[in-house]
Amino acid sequence: EAVASALRDGRIPFWNPYLFGGAPLLANPQAAVLYPLHWPLIWLGVTKQVYWSAAIHTWLLGMGGYFLLRYWGSGAWGGLVTALVLSGAGIVGGLMGHLNQLNVAAWGPWAVLCIEGAHLGRQGRWETRWAGVLVRSAAFALVVALMLLAGHTQTVYIVLFGLGLWCLWPVVQRQWRETLARLLVYAAGVVLGALMSAPQLLPTLELSGLGLRTGGLNYLEATSFSLKPLQLPWTLLPSYGLLSMQAVFDTPAYSEFVAYIGVFGLLLAILGAWKGRGRARAFGLALVVLGLALGLGRWNPLYYVLHAAVPGFDLFRVPARWMLLYTYGVAVLAGLGTHWLLGTLAQRSKARVAAWAAPVLLLLVAADLLLAARSLPHTHPTAPEAVDGVRSAPAHLL
């Protein structure tokens, strides 16, 4: 409300006088003062701002997944299943309480679209080939700037780390020119995106130099809230029935550990991993493996090496948040599985059967995700007073 009030008055809110004795506001990235998608919402009440931001970014996430699948040659129904799985995934429901993470995550599929197709082939004039790289670099820079301004640095790091590794995929196929083009787009986009978001990044860097994490977190702190291997069935499957966290572990559901895509979605993803082909399948499998491996945190010995050797791994907690990459990957595989299944039905049966199967499959996936979401406590509606009400600190309990 302090940000919205200042922007309505035409002021940039540098300071928050309502927190303790006052605190920096613009420099706090999670305030997302300069994030342009929030500016049209400043005229609404706080509760409606939150609801509309969540709705807009959930839609952006789903649309990005749809267009990504279409780019990779999947049919419209495969793209729709990917969009639905992304929008209704358990991790998205959990991020409704961490809105900045959702706002950054929504741009992930669009970032992949900017990188895909970048190449410096031997065909055509060199001006035309370089122009394509420059256009993709500019588009990627815009997406990077939006992610940085959206206000959750860890999620930006997760998306860019996964995408940076994906840029190296053509090396496996010995496509050196494509690898070079991808790396050029990636590097130029990150640098230009950081420059575009400098009005936010510079105050944030100054503030972070005064924070507790300036020297990084030790290994135990950085790996707090790691996924435990024994809890993976609850994490990866819908939490209703016998597989609920409460039933198996006698622990209430915790939103950071939720990464299901529904039973039907998971079955379609397994089908996509088995029958899918091409770059989309490689992308899906790579991100599923990467997300699972890094989400385990301290239960994966590799994480200790990354914490010691790779810059950035010692700045963040909650390795379970790497399951965002798993969600991207498994949603793509679900779309591929749908595309293969409907194509096979069209070939082996009457066209009328295949035409009916597509919407029925979509409805089954949607119903499965809805039932799973309703079983989680953090997806239940919150009273408006919990968002904008003034509550006193429980000092009397100390």
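The present account deals with the structure reproduced in this document.

Calculation criteria
Residues numbered from 1 in each chain as written. Predicted model: local features only at pLDDT ≥ 70, side-chain atom pairs only at ≥ 80, totals over all residues. Heavy atoms only, no water. Helix = DSSP H or I, 4+ residues; strand = E, 2+ residues; numbered from the N terminus. Areas by Shrake-Rupley, 256 points an atom, 1.4 Å probe, with all protein chains shown as cover. Salt bridge = Lys/Arg side-chain N within 4 Å of Asp/Glu carboxyl O. Buried < 20%, exposed > 50% of the residue type's maximum accessible area, 1.4 Å probe, protein only. Core = buried A, V, L, I, M, F, W, Y, C linked by side-chain atoms within 4.5 Å. Contact = heavy atoms within 4.5 Å. Axes fitted to C-alpha atoms, helices over the stretch in contact; angles between N-to-C directions. Parallel < 35°, antiparallel > 145°, perpendicular 65-115°, else oblique. Left-handed = near helix turned anticlockwise from the far one by under 90°. Nonpolar A, V, L, I, M, F, W, Y, C, P; charged D, E, K, R; others polar. Phe/Tyr/Trp six-rings, centres within 6.5 Å; stacked < 30°, edge-to-face > 60°. Patch = residues over 30% accessible without salt bridge, like charges linked within 9 Å, V, L, I, M, F, W, Y side chains within 5 Å.

## A closer look at the overall build of the protein
Of the regular secondary structure elements, the protein holds 20 helices and 2 strands. Surface exposure of the protein reaches about 20,100 Å², of which carbon and sulfur atoms provide 69%.

## A look at the pattern of salt bridges
Within the structure shown, the criterion is met by 6 salt bridges. A salt bridge links D9 to R11; the shortest N-O distance between them is 3.7 Å. According to the relative accessible area criterion, R11 is partly exposed, its value standing at 45%. For R321, the salt bridge identified is with E256, shortest N-O distance 2.8 Å. Note that R321 is positioned in the loop between helix 17 (301–309) and helix 18 (323–348) and E256 in the loop between helix 14 (245–249) and helix 15 (263–275), a separation of 65 residues in sequence. Owing to a relative accessible area of 9%, E256 belongs among the buried residues under this scheme. Look at the salt bridges and you will find they share partners, linking E116, E178, R182 and R279 into a network.

## Notes on the nonpolar core
Ranked by size, the top nonpolar core spans 98 residues in total, and within it F140, M147, W322 and Y328 carry the most contacts. It is helix 18 that provides the largest number of residues to this core, a total of 11 residues. Excluding residues within four positions of it along the chain, F140 makes contact with A111, C114, I115, L160, L163, V185, Y186, G189 and V190.

## A closer look at the side chain of T82
Residue position: T82 is located in helix 3 (residues 76–88). For T82, the contacting residues outside a window of four places in its chain are G65, L69, A331, V332 and G335.

## Comments concerning the environment of A280
Its place among the elements puts A280 in helix 16 (residues 278–295). By relative accessible area, A280 is classed as buried at 3%. Taking the C-alpha atoms as reference, A280 lies 7.6 Å from L69; in sequence the two are 211 residues apart. Leave out the neighbours within four places in its chain, and A280 touches W72, V332 and L336.

## A closer look at the packing of helix 16 against helix 18
Where helix 16 contacts helix 18, the axes come no closer than 7 Å and their chain directions differ by 150°. Judged by the angle between their axes, helix 16 and helix 18 are roughly antiparallel. Handedness of the helix 16/helix 18 crossing: left-handed. Residues A280, R281, F283, G284, L285, L287, V288, L290, G291 and L292 of helix 16 touch helix 18, and the partners they reach there are M323, L325, Y326, Y328, G329, V330, V332, L333 and L336.

## Describing the environment of V3
Here V3 shows up in helix 1 (residues 2–8). Each C-alpha atom of the pair V3 and L25 lies 8.1 Å from the other, and the pair is 22 residues apart in sequence. The residues touching V3, leaving out its near neighbours within four places in the chain, are P13, L25, A31 and V33.

## Remarks on the packing of helix 3 against helix 18
For the pair helix 3 and helix 18, the least separation of the axes is 8 Å and the interaxial angle reads 150°. Judged by the angle between their axes, helix 3 and helix 18 are roughly antiparallel. Along this stretch, helix 3 crosses helix 18, giving a crossing that reads as right-handed. Residues W77, G78, V81, T82, V85 and L86 of helix 3 touch helix 18, and the partners they reach there are T327, Y328, A331, V332, A334, G335, T338, H339 and L342. For the contact of helix 3 with helix 18, the class distribution of residues is 9 nonpolar, 6 polar and no charged.

## Points about the packing of aromatic side chains
In total, this model carries 15 aromatic pairs according to the counting rule given. Judged by centre distance (5.4 Å) and plane angle (75°), the rings of Y66 and F67 are edge-to-face. Given the relative accessible area of 37%, F67 is considered partly exposed. For the ring pair W166 and F283, a centre distance of 5.2 Å and an interplane angle of 80° mean the geometry is edge-to-face. Here W166 is found in helix 8 (residues 153–166), whereas its partner F283 is found in helix 16, with 117 residues between them in sequence. Taken individually, W166 and F283 each receive the classification buried, so the pair is uniform in this respect. Joined through ring pairs, the aromatic side chains of Y157, F161, Y303, F313, F316 and W322 make up one cluster.

## A few points about the environment of G335
Looking at the secondary structure, you find G335 in helix 18. For G335, a relative accessible area of 0% corresponds to the buried category. For the pair G335 and A83, spaced 252 residues apart in sequence, the C-alpha separation works out to 8.4 Å.

## Looking at a nonpolar patch on the surface
Together, V263, F264, L267, I270, W356, V360 and L364 give the surface a local cluster of nonpolar side chains, amounting to about 660 Å² of exposed area. Elements with a minimum of two residues in the nonpolar patch: helix 15 and helix 19 (351–374). No other element matches helix 15, which puts 4 residues into the nonpolar patch. Among the structural elements, L364 can be located in helix 19. In this structure L364 comes out as partly exposed when scored by relative accessible area, which is 36%.

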